[in-house]
Amino acid sequence: MATPADVAAFRATQTDVVTLALAELADWWEQLLALLTGDVPVAEIEAFTADLVAVYGDTAALNAVDWYDELRDQAAVRGRYRARMAEPSPRGQAAAVARWAVGPLFGAQPDPDKALEHLSGGVQRMVLQPARETIADSVDQDPADARWARVPTGSTTCAFCRLLASRGAVYHSEETAGGLASSYHGTCDCVATPIWPGEQEPYDVDRYFEEYSAARAKAGGDPNAILAQMRKDLGIR
Ligand SMILES: [Zn+2]
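Residues numbered from 1 in each chain as written. Predicted model: local features only at pLDDT ≥ 70, side-chain atom pairs only at ≥ 80, totals over all residues. Heavy atoms only, no water.

Caption draft 1: Seen up close, the pairing of strand E2 (residues 191–195). Burial of E2 is extensive: five of the five residues sit out of reach of the surface. Here E2 shows two buried faces, one formed by Val 191, Thr 193 and Ile 195 and the other by Ala 192 and Pro 194. Relative to E2, strand E1 (residues 147–151) runs antiparallel, the two being bridged by five bridges. Bridge assignment links Arg 147 to a residue of E2, and that residue is Ile 195. (Buried < 20%, exposed > 50% of the residue type's maximum accessible area, 1.4 Å probe, protein only. Helix = DSSP H or I, 4+ residues; strand = E, 2+ residues; numbered from the N terminus. Pairing = 2+ DSSP bridges.)

See the structure below:
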């Protein structure tokens, strides 16, 4: 069973992968700006972003495969199954994120720092995407009725993630979560964690459910109103 320490260790490993990707991006960005004379080479930025998230995304996905198999061995559930590594974020997705991110370079007052900030958030999300998909897809295909939970880590967790965390380990396919469970914002450090029957979630699900229930009691049933209420009551994003 994944313990809070297991989740923290996995998160640290994945943070290291993201840190390396962002350092490489920042170096490349600096050189690009230093040599920039004419038009912004958008196609070059798109291609670099796609290559970068493919390389580091593979590393992140490989870590996720190993983690899944290790936790499954510990769970000692019936049947043989090995986690399947998800594909890196598609090149088209990476290109679209890059095009959006470089928008601040084209304003009346170009803002390269803002553009890099946008791009870094996108790179972080896309590097971790195949790792999160690896967990979600493997849970779906695992014959042992696995589920996954969105486990909050770090000092702050946004309302959206807290709402998903408040359900505990219920996610096993796109349908269960209405597709929303697969959305992560750029700097999200939540960890999709596999859980097998009879195991406990490695975090205080009740605490998040109480927060959610309190907000729902005030705001009514509309999910957006509940999220707004949580942001107001808890002073979070
Ligand atoms: Zn999160």
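There is more to say, and it comes next.
Caption draft 2: Layout of the packing of aromatic side chains. For the structure on display, the rule yields seven aromatic pairs. Between Trp 148 and Tyr 171, the aromatic rings sit 5.2 Å apart at their centres with planes inclined by 45 degrees, giving tilted as the arrangement. Of this pair, Trp 148 sits in strand E1 while Tyr 171 sits in the loop between helix H5 (159–165) and E2; the two residues are 23 residues apart in sequence, bridging distant segments of the chain. In terms of burial, Trp 148 and Tyr 171 fall into one category: buried. Taken together, the aromatic side chains of Tyr 68, Tyr 81 and Trp 196 make up a single cluster linked through ring pairs. The ring of Tyr 184 carries Arg 132 above its face, with NZ or CZ at 3.8 Å from the centroid. Directly above the ring of Tyr 212 sits Arg 167, whose terminal nitrogen or CZ lies 5.5 Å from the centroid. (Phe/Tyr/Trp six-rings, centres within 6.5 Å; stacked < 30°, edge-to-face > 60°. Lys NZ or Arg CZ within 6 Å of the ring centre and 35° of its normal.)

Caption draft 3: Region of the structure containing the coordination of the zinc ion. All of the protein donors around the zinc ion are Cys 161 (SG), Cys 188 (SG) and Cys 190 (SG); their distances to the metal are 2.2 to 2.4 Å. Site description for the zinc ion: donor spacing in sequence, C-x26-C-x1-C. Given a relative accessible area of 2%, Cys 188 falls into the buried group. (Donors = N, O, S within 2.8 Å, 3.2 Å for Na, K, Ca; no water.)

Caption draft 4: How the structure looks around the layout of surface pockets. By volume, the second largest pocket amounts to about 240 Å³. As for the second largest pocket, its lining consists of 15 residues, and the residues nearest its centre are Arg 11, Gln 14, Leu 128, Arg 132 and Asp 189. Of the residues that constitute the lining of the second largest pocket, the class distribution is nine nonpolar, three polar and three charged. (1 Å grid on protein atoms, 1.4 Å probe; cavity = no way out; pocket = protein on both sides within 12 Å on 5 of 7 lines; lining within 4 Å. Points joined across faces, edges and corners; volume = space filled by probe spheres on them. Nonpolar A, V, L, I, M, F, W, Y, C, P; charged D, E, K, R; others polar.)

Caption draft 5: Structural detail: unusual backbone geometry. We note that Ala 76 has phi near 50 degrees; this positive angle belongs to a residue other than glycine. With a phi close to 60 degrees, Asp 145 is a non-glycine residue in the positive phi region. Locating Asp 145 in the fold gives a position in the loop between helix H4 (112–141) and E1. Accessibility expressed as a relative area gives 45% for Asp 145, which makes it partly exposed.

Caption draft 6: Up close: helix H6 (residues 205–219). With 15 residues, H6 extends 21 Å from end C-alpha to end C-alpha; this agrees with the ideal 21 Å at 1.5 Å per step. Turning to H6, its buried residues are Val 205, Tyr 208, Glu 211, Tyr 212 and Ala 215. Along H6, the residues classed as buried sweep out an arc of 130 degrees about the axis, all on the same side. Facing away from the buried surface of H6 by more than 90 degrees, the exposed residues are Asp 206, Glu 210, Ala 217 and Lys 218. The inward-facing, buried residues of H6 contact H5 and helix H7 (223–234). A positive phi of about 90 degrees marks Gly 220, the residue just after H6. (Expected span 1.5 Å × (residues − 1). Arc of directions from axis to C-beta. Contact = heavy atoms within 4.5 Å.)

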